Amino acid sequence: MIGNKKIVGVCLTKIHDATRSDYVNRLHHLAQKADIKLIFFNSFVDFYNNDAFDEGARSVYSLINYELLDALVVVYDSFYNRNVASGIVRNARMNDIPVILVNGEEDGCWSILADYETAFKNVMRHVIAEHNVTDTVFIAGNRDNDPDSVIRISCYREVLEESGIPYDEERVFYGGYWDDPARLIAYDLVSNGKKPPQAIFCANDYMALAVCKELALHGYSVPEDVIVTGFDGVPEAEHFAPTLTTCCMDMEALAELTVQAVAAACGGEQPCGLQYSYAANISESCGCRKYTQDDFRDIASDLFHTIHEMEEHEDFEYNWIDRMLEISDMNELSATLSGCMLENSYVCLNSDFVSSAMELSREKENTQLFSDEMMLISSVYSGVETRREAKIARTSMVPDLEGWLKDDSSYILSSIYVGGKVCGYYAVRTNNIPYCKHKIKRVLKTINIAFNVAINHFSQMKLRQSMERAAFTNVVTGMPNLKGAVKWFEEFTAQPESHSKTISVSVYGLPKYNYLLENYGVDIAEDAMRFVSEALKLANQTDCYIAQCADDEFVVVNYYEDPTTISDVIYKATTTFFGIIEGYNSTSGKEYFVEVNCGCTVVNSGWEGSLEGFIKFANSEMYMNRLKQGSGEVIKENIASKEHYQLFEVLIAKNMFSYHFQPIVSAKTGEIYAYEALMRTDPSIGMNPLQVLSTAKEYHRLYDIEKATLFNIMARYAEDRDSFGGHMVFINTIPGHFLNDDDINVLTERYGEYLDSFVYELTEQDTVSDDELNAMRRLGGNSGASQIAIDDYGTGHSNIVNLMRYAPQIIKIDRFLITDIHKDQNKQMFVRSTIEFARLNGIKVLAEGVETSNELRMVIDLGVDLVQGYYTARPAPQPIPAIPDDIRKEIQEANPLY
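Residues numbered from 1 in each chain as written. Predicted model: local features only at pLDDT ≥ 70, side-chain atom pairs only at ≥ 80, totals over all residues. Heavy atoms only, no water.

(A) Summary view of the overall build of the protein. Secondary structure summary: the protein contains 29 helices and 28 strands in total. Dimensions of the protein, computed from the C-alpha atoms along their principal axes, are close to 110 × 70 × 50 Å. Within the protein, the proportion of its 898 residues that are buried is 51%. Long-range contacts, defined here as pairs at least 24 residues apart, represent 71% of the contacts in the protein between residues at least 6 apart. Taken as two groups, the 78 positive and 131 negative side-chain charges of the protein have centres that lie 1 Å from each other. (Helix = DSSP H or I, 4+ residues; strand = E, 2+ residues; numbered from the N terminus. Buried < 20%, exposed > 50% of the residue type's maximum accessible area, 1.4 Å probe, protein only. Contact = heavy atoms within 4.5 Å. Lys, Arg positive; Asp, Glu negative; His and termini not counted. Charge placed at Lys NZ, Arg CZ, Asp CG, Glu CD.)

Written out as structure tokens, the structure is:
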């Protein structure tokens, strides 16, 4: 109690419901007369779905400060999920607060229960006795776990038996208290020439009204042909034609009992049960009294006024929603919130909202959903200007507590949330609940939209920053990649003093990287790269820049004020580095060795040139060092040396390519959808695919690779079609080097009957001309235009304009976005938006690079159509007929639609 006022909390859902708002309004006015101030803790959802949105909505009940409350009222039957109501009761009792349950019972609580059974039975007795009815049907609520359905069916059975009418379970149906299921039941009762029953008793008014409408569609009149009754006494029942025979709750009596119970509980009396009654309202739908209420014109006038106000308020809110779509900072958010709110209302915002929206702060270790201190944003229509630094303590619950205690208003509080993320709450101070109820719901939806837009903006901003950083960072080692190194070197070059320094550029290559990858898997290969990167950091700690310039190669740039120290620095760095490598190889117990080669070039002060050029010189030194060592190892460096080119010529001339095939799997069934053909070369050549492409690019021979790829894969498919099981094959193409018309004609002549079995993959690292696109689309075989897949989507090369231009059938989301996606909400948001866009445009989405069970389950949850990666199946020389059974089963179990 504060002063002479008792403070009472009322927990409920859907305060805008007609019946509930009638009770709340009566309770408000009676409480004011009894010096009781009410705070309504309201959710506009009743927790039917039990999802993240329900979790956000229920947070309003955690606002309750029991130290300020004298009692708590819980409108128990407003909660579909009774566990939520029970949790509220449990917290109140733990804080020694008396609890009054409306239409509910729990140990240690006051309970106010309805005696509706007498009135409900009297309605059915009246119909049977006064209208000589013997053929009846009952439409109950929910079939399972619904005590109200059990009670109402029991009433129906009792009335039948006392009237001498046999009870038949097959004449009991379940409409779930909804109009659509009730319509279907009515349709089934009268369709195909069936004779309808004399009377249909319904467990609530909404089902009864739906039954009346459905009967009318089939030419049956109520009550002339069929009697229909309901239960609840909703306002529409009174204005329907015919007016509905039903049972009505005495709202004034319920509100009076609530106030009495609050007074008794606050006075220290022990909890007990109170009861109020329903009344049978016999009306036109059973054939009795005609409608005698006041002129319909008065009612219609009130309804038109209400509808007009609702339309005006909707337009008002829609205008603010349009502005909200442009929110990009907190100033704009605050301004739009102030403008869209009702008079005498406030947004109480978590003080850490901005940092949590950008996900810069760690998750709270405790379960507190609202910050101890809340930022306060007032409605511009309240006549009070909110200072930017205005605050409210969470424990106060309501703004201007002292002023509120002096007037005749109540507060209505509802959570502001985006999914499960709680942002704050909306507080409305009003003494006219019927007028405000729908407006509060509409404003709260508008506010939630504003926060949704703001959070998405902040999150996307962070995602863009993350992706920009990722574009310059190797995802495995966390080191700068070649792009990052080039960017750094350009900045280094732009500083005049840099050119006065001597620099050395050292490259460290792992010649057996691909051997590790192909024989031990991606995890082992990546572990090796991480180990080498850490060793390089230990060996090069000052005056240097380290980057991973390729999958199997690192670069170290040292800069020297004193050029006489170059030899000592390089000697010390290489000795330390190779000492770490030798130590690892001798003690690791692995089946393999981590082998590293090194090459270095020194550039004197006054230098000019690019980092890529210096790396090429260092690569040449590394190659020469390997030859001097006489290791006989396969050459693995990226520089397109003359020796490389000679090997490349042999590769092309003798067509020494081979191909492995990795399954692409349905994310719904786990069945193989297609295979991707991946280039391999004869071991005697000693060049991996990246080196082949690098050499081809260096010597302008990419067209030869493109031609060999298309002809070889199609030849393989034609020769051994059965091994592919009728599945399609994805072929990587090289933008800017697609086949010319002569070669397309030859390809079509040889393999025309198989062309509709191929999907052509494009990346956007290079521009694809319209002529190339048209040529590619010609290779569609019998199905018409060919199928196109966009590869590496999301790496920064792709954009919506090109996506619409290419009109692909499939988008392949890049591995960077899939790696650890289950831990990264930004990646999840990007992938989810990509899937939504793809679905709207009839495009399938493929997640590539799926390496773990967690990644698999997450991309399935997000809704991808296809999956590819080492976790489902590795590339193999022969197409495998199916992925492992345990992985296929995991996909099926993870897919809710399977």
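(B) Broad picture of the pattern of salt bridges. In the structure shown here, the tally under the stated rule is 34 salt bridges. Between Glu 761 and Lys 812 there is a salt bridge; the shortest N-O distance is 2.8 Å. Residue Glu 761 is found in strand S24 (residues 758–762), and its partner Lys 812 is found in strand S26 (residues 810–813); the two are separated by 51 residues along the sequence. Residue Lys 812 is classed as buried on the basis of its relative accessible area of 0%. (Salt bridge = Lys/Arg side-chain N within 4 Å of Asp/Glu carboxyl O.)

(C) Structural context of the packing of helix H4 (residues 117–130) against helix H5 (residues 147–162). Where H4 meets H5, the closest approach of the two axes is 10 Å, and the angle between their N-to-C directions is 40 degrees. Classed by the angle they form, the pair H4 and H5 counts as oblique. Judged by the sense of rotation from one axis to the other, the crossing of H4 with H5 is right-handed. On the side of H4, the interface is formed by Glu 117, Phe 120, Lys 121, Met 124, Arg 125 and Ile 128, while H5 contributes Ile 151, Arg 152, Cys 155, Tyr 156, Glu 158, Val 159, Leu 160 and Glu 162. Its residues assigned to classes, the contact of H4 with H5 comprises 8 nonpolar, no polar and 6 charged. (Axes fitted to C-alpha atoms, helices over the stretch in contact; angles between N-to-C directions. Parallel < 35°, antiparallel > 145°, perpendicular 65-115°, else oblique. Left-handed = near helix turned anticlockwise from the far one by under 90°. Nonpolar A, V, L, I, M, F, W, Y, C, P; charged D, E, K, R; others polar.)

(D) Geometry of the pairing of strand S21 (residues 657–666). With 8 of 10 residues buried, S21 lies mostly within the body of the structure. Bridging between S21 and strand S22 (residues 672–681) involves 9 bridges; their strand directions are antiparallel. Residue Gln 662 lies in a different strand from S22, and its bridge partner there is Glu 676. (Pairing = 2+ DSSP bridges.)

(E) Seen up close, the sheet that holds strand S6 (residues 136–140). An order of S7-S6-S8-S9 is seen for the 4 strands of this open sheet, with the pairing classed as parallel. Every interior strand has two partners, whereas the edge strands, strand S7 (172–174) and strand S9 (227–229), have only one. The average undirected angle you get between the axes of adjacent strands in this sheet is 20 degrees. By the bridge criterion, 4 bridges tie S6 to strand S8 (residues 199–202) in an arrangement that is parallel.

(F) The arrangement of the packing of aromatic side chains in detail. The final tally for this structure, using the stated rule, is 38 aromatic pairs. Aromatic pair Tyr 116 and Tyr 278: ring centres 5.9 Å apart, planes at 70 degrees, arrangement edge-to-face. Taken as a pair, Tyr 116 in the loop between strand S5 (110–115) and H4 and Tyr 278 in strand S11 (residues 273–281) lie far apart in primary sequence, 162 residues in all. Both residues of the pair, Tyr 116 and Tyr 278, count as buried. Measuring from centroid to centroid gives 5.3 Å for Phe 120 and Phe 231, while their planes differ by 75 degrees, and the two rings are edge-to-face. You can see Phe 120 sitting in helix H4 and its partner Phe 231 sitting in the loop between S9 and helix H8 (235–239), a full 111 residues away along the chain. Summarising the burial analysis for this pair, Phe 120 and Phe 231 share the class buried. Put simply, the rings of Tyr 116, Phe 120, Phe 138, Tyr 156, Tyr 167, Phe 201, Phe 231, Tyr 276 and Tyr 278 pair up and form one aromatic cluster. In this structure, Arg 152 is placed above the aromatic ring of Tyr 116, and the distance from its NZ or CZ to the ring centre is 4.9 Å. (Phe/Tyr/Trp six-rings, centres within 6.5 Å; stacked < 30°, edge-to-face > 60°. Lys NZ or Arg CZ within 6 Å of the ring centre and 35° of its normal.)

(G) Local environment of the sheet that holds strand S19 (residues 553–560). Here we have 4 strands laid out as an open sheet, ordered S18-S19-S17-S20, and antiparallel in their pairing. Single-partner strands in this sheet number two, and they are strand S18 (544–550) and strand S20 (597–603). Ignoring which end each strand starts from, the neighbouring axes of this sheet average 20 degrees apart. With 7 bridges joining them, strand S17 (residues 502–509) and S20 adopt antiparallel strand pairing. Within the sheet, the bridge partner assigned to Ile 503 lies in S20 and is Val 603. Its contacts with the sheet put helix H15 (residues 482–493) on S17, S18 and S19, and the angle it makes with S18 is roughly 145 degrees.

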